[in-house]
Structures are given as C-alpha cells and as structure tokens.
Amino acid sequence: MPLKSKITGTGSYVPEKIISNHDLEKKINTSDAWITERTGIKERRVVKAGQTNSDLCLEASRMALQAAGLRPKDLDMIIIATMSGDMPMPSTAAILQRKLGARHAASFDINAACSGFLYGLSVADKFIRTGASRKLLLVGAEVNSRFLDWKDRSTCVLFGDGAGAVVLEPTKGKSGVLSTQLHSDGNLWDYICLPGGGSENPPSAKTIKNRMHFIRMKGNETFKIAVRTLERLVISTLEEHNVETSELAMLIPHQANLRIINATAKRLKLPMSRVAVNVDKYGNTSSASVPIALDEVVREGRIKKGDYVLLEAFGSGLTWGSALIKW
Ligand code: UT7
C-alpha cells in the first residue's frame, strides 16, 4: 500500500474580542438585518492590540499537537497558509517554530488567500506521500482585521481573525487524504486584492492616502463565480472517487457567505446537518476558515473513523481547491 497522509490531530483558536453586527451599526451605514440576510454573519472575532498572527497559530498548534500526542520537537515541517502574516519577512512559520520550540522543523508560508489551507494541505500531502516529511504541522491563520478599511461597509463587515491547525502523519491504511484538487484563474486577480505594500506599490504616503493597504473586493462578481465554481468542484471531487453524496458524512466549506454554502449543499442535495457552518460566529477568516470548522466538527464528534469528509475553498487569485478525506 503506498503512503498517504492522515490528519492525526486538529486545533483552532479565535481571539476573545467579539465585534457584533450591532457594534458595526453604530460605526458605519449598515444593519444587522442586511449583514445577516446577505451573508449569514452575526459576529466576528478580532485580535487585541499586540496580538499577532503567530500568537493565534501558537494556540491552535498546541491543541493540534496535543490531539496528535506529539511534542513540538517531533515536528519535521511547519507550513502556514496565510496572507496576513506577522511581517513580510521572515515567514510566520519561522516565528511560530521559535514560539513552539519546534527546533527540528523546516518552516515556510504559502499564500493562496482563502484557498490557502487547501493549497497547504495539497503541498503537505505531497511531502508526506514522498516520505520527505513524517510529522507535519499545517496551520491556516489570518489577522484580517488589521487589513480592513473599517469605513468600507462592503468589506469590513465580512472578515474576521482566527487560526486552525492540523498535524499530518503518514499512513499505509485505507484512511487519509484521498486526493486534493487545486485551481486558479489569475486573470481575475483584481476581484479580491490588497494592492499596497508589495514591490509594485511599496508603502508610501500615496499608498496610505489612497487606502491601498486594505482588502478590496468585487463582492457581487466574486459571489457569482464562487457559486458556479464550487458547485462544479465538489461534484468533480466526489466523482473522481466514485463517492455518492449519500456516502458523504460531512462537507467542510470555506466560510465566506452562508448563501454560497447553502448553494453548494443544495447542488449536492446534502442536508445542512452534514455541512459545517460557523460563518455566523466568525465571519470569513480566509485561510483559517476550513481548519477552524474542521476542528469544531471533530471536537463535536460529528465525524468518525471511516467517514468521507469533503473540504473546499474559494478566494483571491482567484483560487479554489478541494480535498476528499477518508477519516
Ligand atoms: O472569501 C473569498 C471569497 N469571497 C466571497 O466569496 C465573497 C463573495 N461575495 C459576497 O459574499 C457578496 O457579494 C457580498 C456579501 C460581499 C455582498 O452581497 P451582494 O448581495 O452581492 O450585495 P451587492 O454587493 O450587490 O450590494 C447590494 C447593495 C448595494 O447597494 P445598492 O447599490 O443596491 O444601493 C450595496 O451598496 O447592498 C449595499 N451594501 C450594504 N448595505 C448595508 C453593501 N454592503 C453593505 C452593508 N450594509 N454592509
């Protein structure tokens, strides 16, 4: 039997500070009714002053390591999927390595925005399948709140902060990551972007004045493509393995918008009892959303050994990806 990667531990962490829709009503021209109806979001978590991306990673990672029965020094690799790391350089994974004391691990970040965890899972799976890694920590983590224009009601109501982590180890058994699918369309890079601060538009008084250090999104255009693309993606992922919807124990979708999640579930004819939803509590935590939702369903005992679990995400790039797991 060839090697596969298997998730042997999960963890997640969201900051304590809550911003509710009612809190936002007091600051910008929006309403709890609009946000709830258009997105399903009721509240989101945001970091406190001084709290960093790697701090969120540390909490989620400790939980995942404990669940896997491993110590930090057992890890040989740390990958963080993020677009809101502590700083452009070094990688947040290197900072996490130090905070964890995972001295034997190689460490790097990847950025595929909201699809980042699926991209990370695919990369991690390859390292494990080839035998190059045996104890790998993968984290999806974002501090979106520091990159939001809190005067722009079309974006600031949507996003939140958090981190989710998994430990991956090799297995020769039947369970594990069966396959991952990754896709992107860079023609649509400007649908969701943060144009300032990189080498094209280095930080300057002009980039600050033009509010280029905040997330921008063509929401409605993105919405339409996300619905169509995710419907195709989940169907093709199940077909690849001849898995019927009736055999799917749990769909763990990216938590951007409840209407997108509902549309995907409807296309699969999957009851919402078999769909992980937490967008109401945390908003869109980008690359953290899938691993946070995964950790929650694992801890709630909603998936058991042998179950098929489907993960999917869609985001800036545009990028999208899926993974089918036999738990
Ligand atoms: O995670 C990465 C991938 N991202 C996504 O998948 C997000 C996809 N997009 C979405 O989730 C939705 O498009 C949004 C939630 C962002 C927006 O919902 P929508 O139904 O597409 O609304 P819209 O952008 O078409 O705006 C409808 C109206 C506009 O007013 P007018 O022009 O019709 O008068 C907006 O100005 O709603 C207005 N609006 C708001 N009103 C109250 C936009 N934001 C708000 C707000 N509160 N926060």
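Notes on the structure follow. Small disclaimer: the values here were computed from a predicted structure and weren't measured.

1. Here's the deal with the sheet that holds strand β6 (residues 136-143)
Moving on, step 1. Overall, mixed pairing links the 5 strands, which are arranged β1-β7-β6-β4-β5 in an open sheet. Edge positions in the open sheet fall to β1 (4-13) and β5 (106-110), since each of these has one partner strand only. Between one strand and the next, the sheet's axes are offset by a mean angle of 20°, whatever the strand orientation.
Moving on, step 2. Two strands pair when backbone bridges link them, and β6 and strand β7 (residues 161-171) are joined in this way by 8 bridges, in the antiparallel orientation. When the bridges of β7 are listed, G140 appears paired with G164.
Moving on, step 3. Across the sheet, helix α3 (residues 53-68) lies against β1, β4 (77-81), β6 and β7, angled at about 125° from β1, the strand it touches most.
Moving on, step 4. Strand contacts of helix α4 (residues 92-100): β4, β5 and β6, with the helix running at about 130° to β4, the strand carrying the most contacts.

2. Remarks on the sheet that holds strand β12 (residues 308-315)
Moving on, step 1. Spatially, 4 strands are ordered β8-β13-β12-β11 in an open sheet, and the strand pairing comes out mixed. One side of each edge strand has no neighbouring strand; the edge strands of this open sheet are β8 (176-184) and β11 (248-253). For this sheet, the mean angle separating the axes of adjacent strands, direction not counted, is 10°.
Moving on, step 2. Bridge analysis of β11 against β12 gives 5 bridges, and the strand direction is parallel. Residue pairing across strands places I252 opposite L311, the latter belonging to β12.
Moving on, step 3. On top of the sheet, helix α8 (residues 219-240) reaches β8, β11, β12 and β13 (319-326); it is set at about 150° to β12, its chief contact.

Conventions used here
Residues numbered from 1 in each chain as written. Predicted model: local features only at pLDDT ≥ 70, side-chain atom pairs only at ≥ 80, totals over all residues. Heavy atoms only, no water. Pairing = 2+ DSSP bridges. Helix = DSSP H or I, 4+ residues; strand = E, 2+ residues; numbered from the N terminus. Axes fitted to C-alpha atoms, helices over the stretch in contact; angles between N-to-C directions. Contact = heavy atoms within 4.5 Å.

Interpretation in functional terms is not warranted from these geometric data alone.
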